Amino acid sequence: MARDLFPWGLFRKPLYIQCDKYRKGVIDGSACKSLCEKDTLYLGKCFTAKPDSQVYSGSWGDLEGVIKCQMAEAPHYDLGNEMERRKEAAVFTKPTKGTSVEKFREMILNHLKAKVGDQANLADLATQVLSITDSNKDGHISLPEARSTWALLQLNEFLLALVLQDREHTPKLLGFCGDLYVMEKVPHSPLYGISLPWIIEVWIPAGLRRSMDQWFTPSWPHKAKISIGLLELVEDVFHGTFGSFIMCDLGATSFGYNDRHDLKVMDAKYIVPEAIFQEDIRQQHCDVDEDCLYGSDCMTSCDLTKHRCTTEVTRPNLAKACDALKDYILRGAPYDVIEELEKQLYACIALRGSAEQMEIEHSLILNNLKTLLWKKISHTKDS
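Described in the following lines is the structure provided in the data block. Remember, it's a predicted structure, so these values are computed and weren't measured experimentally. (Residues numbered from 1 in each chain as written. Predicted model: local features only at pLDDT ≥ 70, side-chain atom pairs only at ≥ 80, totals over all residues. Heavy atoms only, no water.)

1. Overview of the overall build of the chain
Applicable threshold: Under the DSSP-based scheme used, a helix requires at least four consecutive residues in state H or I and a strand at least two consecutive residues in state E, with every element numbered from the N terminus. With a 1.4 Å probe rolled over the protein chains alone, any residue whose accessible area is under 20% of its type maximum counts as buried; one over 50% counts as exposed, and the rest are partly exposed. Per-residue accessibility takes into account occlusion by the displayed protein chains alone, with areas from the Shrake-Rupley method and a 1.4 Å probe.
Secondary structure summary: the chain contains 13 helices and 13 strands in total. Residues counted as buried form 50% of the 383 residues belonging to the chain. Carbon together with sulfur atoms contributes 52% to the accessible area of the chain, which is approximately 18,600 Å² in total.

2. Notes on the packing of aromatic side chains
Worth spelling out the cut-off: Note on ring pairs: Phe, Tyr and Trp rings are taken, using the six-membered ring of Trp, and paired if centres are within 6.5 Å. Classes follow the plane angle, with under 30 degrees stacked, over 60 edge-to-face and the rest tilted.
Counted according to the given criterion, the structure contains three aromatic pairs. Measuring from centroid to centroid gives 5.5 Å for phenylalanine 158 and tyrosine 181, while their planes differ by 75 degrees, and the two rings are edge-to-face. Of this pair, phenylalanine 158 sits in helix α6 (residues 156-163) while tyrosine 181 sits in strand β5 (residues 180-184), placing them 23 residues apart in sequence. Note on phenylalanine 158: relative accessible area 2%, which makes it buried.

3. Brief notes about a nonpolar patch on the surface
As a reminder, the rule being used: Here, patches come from residues exposed beyond 30% relative accessible area and free of salt bridges, joined within 9 Å for like charges and within 5 Å for nonpolar side chains (Val, Leu, Ile, Met, Phe, Trp, Tyr). Between Lys or Arg on one side and Asp or Glu on the other, a salt bridge is scored when a side-chain nitrogen of the former is within 4 Å of a carboxyl oxygen of the latter.
Together, Leu208, Trp215 and Phe216 line one region of the surface with nonpolar side chains, adding up to about 330 Å² of accessible area. Classification of leucine 208 by relative accessible area gives partly exposed; the value is 41%.

4. Remarks on the pairing of strand β4 (residues 173-177)
Basically, it comes down to this: Note on pairing: two strands pair once DSSP finds at least 2 bridges between them.
Here β4 lies mainly inside the structure; four of its five residues are buried. In this structure, β4 lies alongside β5, joined through four bridges in antiparallel fashion. Across the sheet, the residue bridging to cysteine 177 is leucine 180, located in β5. The hairpin turn running from β4 into β5, its antiparallel successor, is two residues long, and glycine 178 in that turn takes a positive phi close to 65 degrees.

5. Overview of the pairing of strand β2 (residues 53-60)
For β2, a buried count of six out of eight residues is recorded, marking the element as mostly surrounded by other parts of the structure. Pairing between strand β1 (residues 41-46) and β2: four bridges, direction antiparallel. Considered in β2, the bridge of leucine 41 is made with tryptophan 60.

6. Some thoughts on the environment of histidine 362
Its location among the elements puts histidine 362 in helix α13 (residues 359-377). Looking at histidine 362, the relative accessible area reads 4%, which means it is buried.

7. Topic: the state of the cysteines
Two cysteines joined by a covalent bond between their sulfur atoms form a disulfide. In plain terms, the rule: Any two cysteine sulfur atoms within 2.5 Å of one another count as a disulfide.
In the structure shown here, the tally under the stated rule is six disulfides. Residue pairing for cysteine 19: its cysteine sulfur links by disulfide to cysteine 36, the two sulfurs lying 2.0 Å apart. For the disulfide bridge between cysteine 19 and cysteine 36, the dihedral angle about the S-S bond is near -85 degrees, and by the sign convention the bridge is left-handed. One end of the pair, cysteine 19, is in helix α1 (residues 9-23); the other, cysteine 36, is in helix α2 (residues 32-36), with 17 residues separating them in the sequence. There is no split in this pair, since cysteine 19 and cysteine 36 are both buried. The connectivity of the disulfides in the chain is 1-3, 2-4, 5-8, 6-9, 7-10, 11-12, where the numbers refer to bonded cysteines in sequence order.

8. Notes on unusual backbone geometry
Omega for the bond connecting lysine 94 with proline 95 falls within 30 degrees of zero, at -5 degrees, which places this linkage in the cis form. Within the element layout of this structure, proline 95 appears in the loop between β3 (63-70) and α3 (101-116). Of the consecutive residues serine 189 and proline 190, the connecting peptide bond is found in the cis state with omega at 0 degrees. If you trace the backbone, proline 190 turns up in the loop between β5 and α7 (198-201). In the Ramachandran plot, aspartate 39 falls in the positive-phi region, its phi being about 60 degrees despite a non-glycine side chain. For lysine 137, which is not glycine, the phi dihedral falls at a positive 55 degrees. On the secondary structure map, lysine 137 appears in the loop between α4 (122-133) and α5 (143-153). Overall, the relative accessible area of 56% leaves lysine 137 in the exposed class.

9. Focus on the environment of lysine 375
Relative to the helices and strands, lysine 375 resides in helix α13. On the basis of relative accessible area, lysine 375 is assigned to the exposed category, the value being 67%. Considering only alpha carbons, one finds lysine 375 and valine 337, 38 residues apart in sequence, at a separation of 9.9 Å.

The structure is reproduced here in structure tokens:
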């Protein structure tokens, strides 16, 4: 089924379970035969030591990919901590036997509405989901195919991949089997920095580590193009085609880029649908504002009259993106642009409140930054 697997039985078991369910007719998908029968979907290096969320490098025929097997339920927003683990793997019980395609479509629509809000074009997204569900393209949706798709729809990262499939900032979905799915490989990751053995990592001071990370970056014109990609991603997830998302981890390890220096999202588990985030965070008990933190950088305020978190994030996505880019893009910037670039970045970092409350200022700063960077590289081959 797989070569070069991580040797511990704990990490092998879920993948064998996946193929066992496929052989029993419980799940199906475009990657199942390759994974479980043809032996053409290979798993390579394991990138995580967490049994509830496994990520592997892999190959599928001539394609290089990343294989994700999310052994956890749809996340509960236990603020400040990792997503709550479930006690068992997906049971693949929905939809039930006898459910019509029209009823399944209605299930999908209701689920999407709960996730991203009541958007006018949710029907288009539901049609896209149904198209993916018919994994063998025979014009029919089987119960195992439907159950696999339903399990995947519970995962925010998979949902975001669907929402942004027509944009360049999300790796392409190549296939799935149950709640295991294969994404296009991103050749360069993280966004910047170097991976070191943990035994060395623990002895390096944080300040020196930040300086070292800056040494391992592309040329400045390439960094400018990558930075524009992050700014465009902020546009895509704010009032995008299918609702708004909140970005709660803008660290370098969450992003990568391809050989054309197009930004790609590597880890989207903390890019959260705004509707779901607000629904869950208002239930969070708090005594101080710091109790209302999700991920590494999504904070709201604490309503001390109710001891519940408010729903509006303190800083918009754009401010956090500019904060993440500041050192990255200012280092090595051309002399004739660095002063204006620094001014625009610090104005961006200073943004407070929700983007809706400051939409004009938000759009102005974002467009000014993109224009400034494009103007500097538009005449070069790097653009």
